[in-house]
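An overview of the molecular structure
Listed below, chain by chain, are the residues.
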Amino acid sequence: MSTVIALDNLRVPVDAGGAARKARLTIERDGSLRLRAGANVSADELRDFLASKRTWIYRKLAEKEALHHEPVTKEVVDGEGFLYLGRSHQLRVADTDATAVKLERGRLVLPRHMIDRGHQSLIDWYRMRGLDWLPERIRDWAARLRVDITGLEVRDLGYRWGAADAHGRIRVHWATMQLRPPLLDYVLAHELSHLREPHHGPAFWQLLLRVQPDCDERKKELARVGARVWLGDLSARSL
């Protein structure tokens, strides 16, 4: 069941379900709020919970506003730059019979016959690179955190870097493959920590700090550079 609760002039969607009563409030990368709680938590309890978090909410929204940037747009043309693991690679549209984007000698090569769906081909490339690059990294962090994972998906998650469910399945945004490896490691360690501590309480941050002592610095860098990561938007000239 999904509903909406008002806090001042903010409207907060509520995802209700599951056995856990404890509420979990998150602020997405686009600045939207989302509240998750057990199905048997009353609307009055949720309103009181939000009111108790009012100062924290407005402080976090102000921080996100300070870091806000217009969405990054790209053109599918020769010379356009695309990040991969923190390094920029120029796009080359080439006459080739290949059926997928490839990274060759420092350039991303897009077959000309795929130009009509060029941005989707690039997204597919990032997704496949994630499926190839991430599993070993995830296994390493899972071992450090002593958690079991049941699967990995690399997909579009909107404004979320990653997600973990109670069954041990990890989802990672394809756009994370543009980040430097230390920031990717932060995303992975963060989501895997949720398999032991579902909520962003003190126990969660203490757990993450134990396995990644500089997690606070990585978190701040991710907030700063994340606003400049390409999420698939094309410039007006490419539409």
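We now turn to the structure provided with this report. (Residues numbered from 1 in each chain as written. Predicted model: local features only at pLDDT ≥ 70, side-chain atom pairs only at ≥ 80, totals over all residues. Heavy atoms only, no water.)

1. Examining unusual backbone geometry
To keep it simple, the criterion reads: To qualify as a helix, a DSSP run of H or I must reach at least 4 residues; to qualify as a strand, a run of E must reach at least 2; elements of each kind are numbered from the N terminus. Burial classification: accessible surface area is computed with a 1.4 Å probe over protein chains only, and a residue below 20% of its type maximum counts as buried, one above 50% as exposed, and the rest as partly exposed.
For Arg105, which is not glycine, the phi torsion reads 50 degrees and is therefore positive. Mapped onto the elements of the fold, Arg105 is located in the loop between β7 (102-104) and β8 (107-111). Overall, Arg105 belongs to the exposed group, its relative accessible area being 80%. Although it is not a glycine, Arg146 adopts a positive phi angle of roughly 55 degrees. Mapped onto the secondary structure, Arg146 falls in the loop between α3 (118-145) and β9 (151-155).

2. Regarding the packing of helix α4 (residues 181-193) against helix α6 (residues 215-226)
Operational definition: Axes, fitted as lines to C-alpha atoms, cover a helix only where it is in contact. Angles between the N-to-C directions of the axes lie from 0 to 180 degrees. In what follows, roughly perpendicular refers to angles from 65 to 115 degrees, roughly parallel to angles under 35, roughly antiparallel to angles over 145, and oblique to any angle outside these ranges. Throughout, a contact is declared for two residues whenever any of their heavy atoms are within 4.5 Å.
For the pair α4 and α6, interaxial distance at closest approach is 9 Å and the crossing angle is 110 degrees. On the basis of their axis angle, the class for α4 and α6 is roughly perpendicular. In this structure, α4 uses Pro182, Leu183, Asp185, Tyr186 and Val187 to contact α6, whose residues at the interface are Cys215, Arg218, Lys219, Glu221, Leu222 and Val225.

3. Points about the pattern of salt bridges
Put simply, the test is: Take a side-chain nitrogen of Lys or Arg and a carboxyl oxygen of Asp or Glu: if they are within 4 Å of each other, that pair is a salt bridge.
Enumeration over the complete set of coordinates arrives at 13 salt bridges. Close ionic contact of Asp124 with Arg117 constitutes a salt bridge, the shortest N to O distance being 3.4 Å. A residue is classified by how much of its surface remains accessible, and Asp124, at 24% relative accessible area, is partly exposed. Residue class for Arg117 comes out partly exposed when judged on its relative accessible area of 40%. Across the pair Glu221 and Arg180 runs a salt bridge, and its minimum N-O distance is 3.0 Å. You can see Glu221 sitting in helix α6 and its partner Arg180 sitting in the loop between β11 (169-173) and α4, a full 41 residues away along the chain. The class for Arg180 is partly exposed, based on a relative accessible area of 37%. Sharing partners across several salt bridges, the network here consists of Glu153, Arg155, Asp165, Arg169 and Arg171.

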